[in-house]
Amino acid sequence: MPEASNKVKFGLSNVHIAKITETDGAITYGTPFAMPGAVSLTAEPEGETTPFYADNIQYYVAVANNGYTGDLEIAMTPKEFLTQILGQEEDTNGAIFESADDVNARFALMGEIDGDVKKRRFIYYDCTATRPSAEMNTVEESKEPQTDTISITMAPRSSDKVIKAVIEPNETNQNVYDTFFTKVYEKNAVAGV
C-alpha cells in the first residue's frame, strides 16, 4: 500500500540558519542555529519567461530560474543572526552594534512546514538578507506583539546552481529526516555523515 502524502500544507516552524563560507569556489556551511519565533516566510519566484516565435506561433518558451525573493517574518531577530549573518558586532557588555561597514554573509535557510499527513522540511541553499525592518508601537488596551521582517534573496548556489530541496519522512529516510537540522542536507545524504 503506498504511503499517504500531504494534500495541504500549513504552519512554519524550526527555522534554522547555517552560515556559508566560500573558499576558491568551494562552499562549506557552519553548524545551523535556530531562529525561534517564525511567523511567516514568503518566496516569490525570480526569473523571466522569454517566448520565441516561429511559424506564426509561440514556437519555444525559455524560462529562467533565478531562485526566489521574499520575506521572513519573525518575532525577534536573534543575536546569532545579527552577528554571524549581518556582521554586526557584540561588545563585552552584550550590546550589539550596527555599522555602515558591516559585511553580510551568505547562508542556508532551513525550516519545517506542517501538512495534513506529514511534516515537510525544506532548505534554500544560498541566501542573502537585508537588515530586519522593525515596528515598535506604544501599548494601548492590549499588548500586541511586534515582529521583525527580513527580506531574503534565495539564489542558485554558485557551486552547482542548486536552489532548494524539500524532504518528507518515509520508511527509508527517517534517520536523515530526523537529523535534518544538525547540518545542511546535501543530495543523497546519509544520517550522521
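Note: the structure precedes this text.
Cut-offs used in this document
- Residues numbered from 1 in each chain as written.
- Predicted model: local features only at pLDDT ≥ 70, side-chain atom pairs only at ≥ 80, totals over all residues.
- Heavy atoms only, no water.
- Salt bridge = Lys/Arg side-chain N within 4 Å of Asp/Glu carboxyl O.
- Helix = DSSP H or I, 4+ residues; strand = E, 2+ residues; numbered from the N terminus.
- Buried < 20%, exposed > 50% of the residue type's maximum accessible area, 1.4 Å probe, protein only.
- Core = buried A, V, L, I, M, F, W, Y, C linked by side-chain atoms within 4.5 Å.
- Contact = heavy atoms within 4.5 Å.
- Pairing = 2+ DSSP bridges.
- Polar contact = N/O pair within 3.5 Å; in protein donor to acceptor, adjacent residues only side chain to side chain.
- Phe/Tyr/Trp six-rings, centres within 6.5 Å; stacked < 30°, edge-to-face > 60°.

What follows covers the pattern of salt bridges. For the coordinates displayed, the defined rule picks out ten salt bridges. One salt bridge connects Lys 79 with Glu 90, and the closest N-O pair in it is separated by 3.3 Å. Residue Lys 79 is found in helix α1 (residues 79-85), and its partner Glu 90 is found in strand β9 (residues 89-90); the two are separated by eleven residues along the sequence. Taking relative accessible area as the criterion, Lys 79 reaches 40% and is therefore assigned partly exposed. For Glu 90, a relative accessible area of 37% puts it in the partly exposed group. Close ionic contact of Arg 121 with Glu 112 constitutes a salt bridge, the shortest N to O distance being 2.6 Å. By relative accessible area, which is 11% here, Arg 121 ends up buried. Classification of Glu 112 as buried rests on a relative accessible area of 2%.

Ile 17, Met 35, Phe 81, Phe 107, Leu 109 and Ile 152 are the most contacted members of the largest nonpolar core, which totals 23 residues. Those elements that place two or more of their residues in this core are β1 (9-23), β8 (68-74), α1, β11 (107-115), β12 (120-129) and β14 (148-155). For this core, the element with the highest residue contribution is β12, accounting for four residues. For Ile 17, the residues in contact, after removing those within four places along its chain, are Thr 31, Pro 32, Phe 33, Met 35, Phe 81, Ile 85, Phe 107, Ala 108 and Leu 109. In this structure, Ile 27, Met 110, Val 176 and Val 184 belong to the second largest nonpolar core, which totals 15 residues.

With that settled, consider the environment of Ser 40. With respect to the helices, strands and loops of the structure, Ser 40 is situated in strand β4 (residues 38-41). As for Ser 40 and Lys 119, which are separated by 79 residues in sequence, their C-alpha atoms are 16 Å apart. Among all residues touching Ser 40, those that are not within four sequence positions of it are Leu 12, Asp 71, Leu 72 and Glu 73.

Of the strand pairs in this sheet, strand β6 (residues 49-54) and strand β7 (residues 57-63) are connected by six bridges, and their pairing is antiparallel. Note that in β7 the partner of Tyr 53 across the bridge is Gln 58. Where β6 hands over to β7, the hairpin turn is made up of two residues, of which Asp 55 adopts a positive phi near 55°.

If you trace the backbone, Asp 126 turns up in strand β12. In terms of polar contacts, Asp 126 uses its side chain to reach the side chain of Arg 106, at 2.8 Å. For Asp 126, the residues in contact, after removing those within four places along its chain, are Ile 20, Ile 27, Arg 106, Phe 107, Thr 153, Met 154, Ala 155, Pro 156, Arg 157 and Ser 158.

For the structure on display, the rule yields six aromatic pairs. Each ring, one from Phe 81 and one from Phe 107, has its centre 5.6 Å from the other, and the planes form 80°; the classification is edge-to-face. With Phe 81 in helix α1 and Phe 107 in strand β11, this pair connects stretches of sequence that are 26 residues apart. The burial state of Phe 81 is the same as that of Phe 107; both residues are buried. Their ring planes at 90° and their centres at 5.3 Å tell us that Phe 180 and Phe 181 sit as a pair that is edge-to-face.

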